[in-house]
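Residues per chain are reported as follows:
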Number of protein chains: 2
Amino acid sequence: MSLLIVGSIGIDDVKTPLESHKDLLGGSASYAAVAASFFTPVRLVGVVGEDFPQAYHQLFARCGIDVKGLQIEKGKTFRWSGEYLWDLNQRKTLLTALGVFEHFKPSLPAPYPDTPFALLGNIAPALQAHVLSQMEKPRFVMADTMDLWIQIAKPELLDLLRKVDAICMNDSEARELTGKTSLIKAGHALLSYGPKYVIIKKGEHGCLLFGEGRFFTAPAYPLEDIHDPTGAGDTFAGSLMGYLAKANDVNFDILRKAVVYGSVMASYNVEAFSLGRLQTLKPSEIEDRYNAFKIISHFDDIDF
Amino acid sequence: MSLLIVGSIGIDDVKTPLESHKDLLGGSASYAAVAASFFTPVRLVGVVGEDFPQAYHQLFARCGIDVKGLQIEKGKTFRWSGEYLWDLNQRKTLLTALGVFEHFKPSLPAPYPDTPFALLGNIAPALQAHVLSQMEKPRFVMADTMDLWIQIAKPELLDLLRKVDAICMNDSEARELTGKTSLIKAGHALLSYGPKYVIIKKGEHGCLLFGEGRFFTAPAYPLEDIHDPTGAGDTFAGSLMGYLAKANDVNFDILRKAVVYGSVMASYNVEAFSLGRLQTLKPSEIEDRYNAFKIISHFDDIDF
């Protein structure tokens, strides 16, 4: 089934202690859409300026992404520039220039309102709600978010949580929003805010899934070297939703596998800058690493 | 098969934000021995003073622990007092009084040198090596350690690592000893120091197992409330080694299960102060939680 993805689309400059790259494709919707396209047809909702490189338009086309919902406006594409500190666990934002993103208020073109699955990627909660309000009884909607919205738009975020089926956020964000130090308590608190499922991303420690009175934990893939952590969370969310849309069903057991596929795709994504690794990724590699996740986390009734 | 356990045996005063208890049974060998006794016969090597409460001698007896290696010396038993901060992730030591532990230099009584499995619990590396030197070709030896020894006895610790089959330490200790931020790199570095297997404990994030060119990750049990984290690592190590001694064989697949049993026992141990929970624990509860670990971490070919 189709998956609608809304979020930011931008051009990034990214610096790590070892490398520095300019004019990269970035933004939450770019990562999520390209990752999800490995699993299911994607309908993209976003905005870029006239300066958006043709090569990036072509990348979306090669992935078979439906871009009827991608507005091209006069002006500059959203730009972000960031630098990672030596252990790649912390980053500082050097520049944010909204450009055409400043006045982004998408209207869903036909047949987008009918899309059964939707990922409200990381943008302002009011904008996520605006997109959701145009949808006609979607089957399953997940929202992603970030610390900025907890700090400057908490009421809108809490309002959104009452309307979505699932929420996905980082461990530090879950602690900040709920005021709970224990991630187990934070997960349960987030469920009490409305969504049926909660996913807490823990970076190198994997992720936690709560819902239906059940619990699941997925590890992170044991990578020795990470080249660029940018977009890992968006890749995770896009792949997770792509898998659900492909399965065309949602329950806890399907969600377990979806979060593992999300983890698989995120682990590939950080192996190169921007979307470089996803562009060379083969479906067989996805299955190989999915099986590797089984090998590193199953411990009983196994036959390796 | 029998398991030899050496380590500290003490009397603890423990304070958490909610509770405070005095004169508790403590020490790395106490936790490890009682936990291991659920799996296999245990031979305890340690020292206490004449003030060591009769109730704690009886506790060891009830667990069927062989105490021929437990010296009772004139003087005071080792005492430790600590306070946990509000989130229980950090603690400060308020008092350490070595007492009879200061001149502890154990001689293994017959038939201890023949014991096939040994856990060198957290004490000074030189003391661990002293015990190991008295053993006759043990089949499998694991050492535990702590940050203090990395700081004040690093050469002795590195020397010990060349002589043991496995090492077990916390994530922060693994980073400190190896100088690697990535726990994956730290695990591989520790393997290069000598042991065939490395286990890195990550508290609320579970643990990692390295060896035989393979990797395994176990989650932590999703507890909402932890009453007393004291001894969780010792309980983990004791149970892990107890399971191996019971299996009477060691390979990567057996070790996966051993670290899960270690995690099961540690998760129970933190539910009450000191060894309170282990004293009421039933074998069926161990199996119940082992199955719960399967349910929270397996994701494929499952039938729940």
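Up top you'll find the structure we're talking about.
Residues numbered from 1 in each chain as written. Chains lettered and ligands numbered in written order. Predicted model: local features only at pLDDT ≥ 70, side-chain atom pairs only at ≥ 80, totals over all residues.

*Asks:* What is the right way to look at the environment of I200 of chain A in this model?
*Replies:* Residue and element names in this part refer to chain A. Inspection of the secondary structure assignment puts I200 in strand β11 (residues 197-201). When the C-alpha atoms of I200 and P41 are compared, they prove to be 26 Å apart, with 159 residues separating the residues in sequence. In contact with I200, other than residues within four places in its own chain, are M169, D171, A174, L183, A186, G187, C207 and L208. (Helix = DSSP H or I, 4+ residues; strand = E, 2+ residues; numbered from the N terminus. Contact = placed C-beta atoms within 7 Å.)

*Asks:* Hey, could you run me through the sheet that holds strand β3 (residues 20-26) of chain A in this one?
*Replies:* Pairing between sheet strands relies on hydrogen bonds along the backbone, with the strands arranged either parallel or antiparallel. Residue and element names in this part refer to chain A. Pairing within the open sheet is mixed, and its four strands lie in the order β3-β2-β6-β7. In this open sheet, the two strands that pair with only one neighbour each are β3 and β7 (91-97). The mean inter-strand angle of the sheet, taken between neighbouring strand axes irrespective of direction, is 20°. As defined by bridge partners, strand β6 (residues 78-84) adjoins β7 across six bridges and the pair is classed as antiparallel. Bridge pairing in β7 places E83 opposite K92. (Pairing = 2+ DSSP bridges. Axes fitted to C-alpha atoms, helices over the stretch in contact; angles between N-to-C directions.)

*Asks:* Mind showing me how you'd approach the packing of helix α9 (residues 252-269) of chain A against helix α11 (residues 283-297) of chain A here?
*Replies:* The angle between the axes and the distance between the axes are what describe a pair of packed helices. Residue and element names in this part refer to chain A. Two elements in contact, α9 and α11, have axes separated by 9 Å at closest approach and are oriented at 115°. The way α9 lies across α11 gives a crossing that is right-handed. Judged by residue contacts, V260, Y261, S263, V264 and S267 of α9 engage I286, R289, Y290 and F293 from α11. Tallied by class, the residues present in the contact of α9 with α11 amount to six nonpolar, two polar and one charged. (Left-handed = near helix turned anticlockwise from the far one by under 90°. Nonpolar A, V, L, I, M, F, W, Y, C, P; charged D, E, K, R; others polar.)

*Asks:* Would you mind showing me how to read the relation of the copies chain A and chain B here?
*Replies:* The relation between the two copies of this chain is a rotation about an axis and a shift parallel to it. It takes a turn of 180° to lay chain A on chain B, together with a shift of 0.0 Å along the axis; the resulting RMSD is 0.0 Å. Such a turn and shift between the copies fits a two-fold axis. Residues of chain A ranked by C-alpha distance from the rotation axis are headed by H298 of chain A, positioned 2.7 Å from it. An overlap of 96% is found between the interface residues of chain A and their copies at the interface of chain B, pointing to a shared contact surface. (Least-squares fit on C-alpha atoms with pLDDT ≥ 70 in both.)

*Asks:* Help me understand the interface of chain A and chain B in this model?
*Replies:* The extent of an interface is frequently quoted as the accessible surface area lost upon association of the parts. Taken together, the contacts link 24 residues of chain A with 24 residues of chain B. Residues belonging to the side of chain A that touches chain B are distributed by class as follows: nine nonpolar, six polar and nine charged.

*Asks:* How should helix α7 (residues 183-192) of chain B be read in this particular structure?
*Replies:* Since one α-helical turn is 3.6 residues long, residues separated by three or four positions face the same way. Residues and elements named next belong to chain B. The set of residues buried in α7 consists of L183, I184, A186, G187 and L190. Across the axial projection of α7, the buried residues extend over an arc of 165°, all falling on one side. Next to the buried residues of α7 lie β10 (166-170), α6 (171-178), β11 (197-201) and β12 (207-211). Looking one or two places after α7, you find G194, whose phi comes out positive at around 145°. (Buried ≥ 20, exposed ≤ 12 C-beta atoms within 10 Å, placed from the backbone. Arc of directions from axis to C-beta.)

*Asks:* Help me out: how do you make sense of the sheet that holds strand β1 (residues 3-6) of chain B in this one?
*Replies:* Residues and elements named next belong to chain B. The mixed open sheet is built from nine strands, whose spatial order is β5-β4-β1-β8-β9-β10-β11-β12-β13. Since the sheet does not close on itself, it has two edges, and those belong to β5 (66-73) and β13 (214-218), each with one partner. Sheet twist, expressed as the mean angle between neighbouring strand axes with direction ignored, is 15°. Bridging between β10 and β11 involves five bridges; their strand directions are parallel. Residue pairing in the sheet places M169 in a bridge with I200 of β11. The strands touched by helix α9 (residues 252-269) are β11, β12 and β13; relative to β12, the strand with the most contacts, the crossing angle is about 160°.

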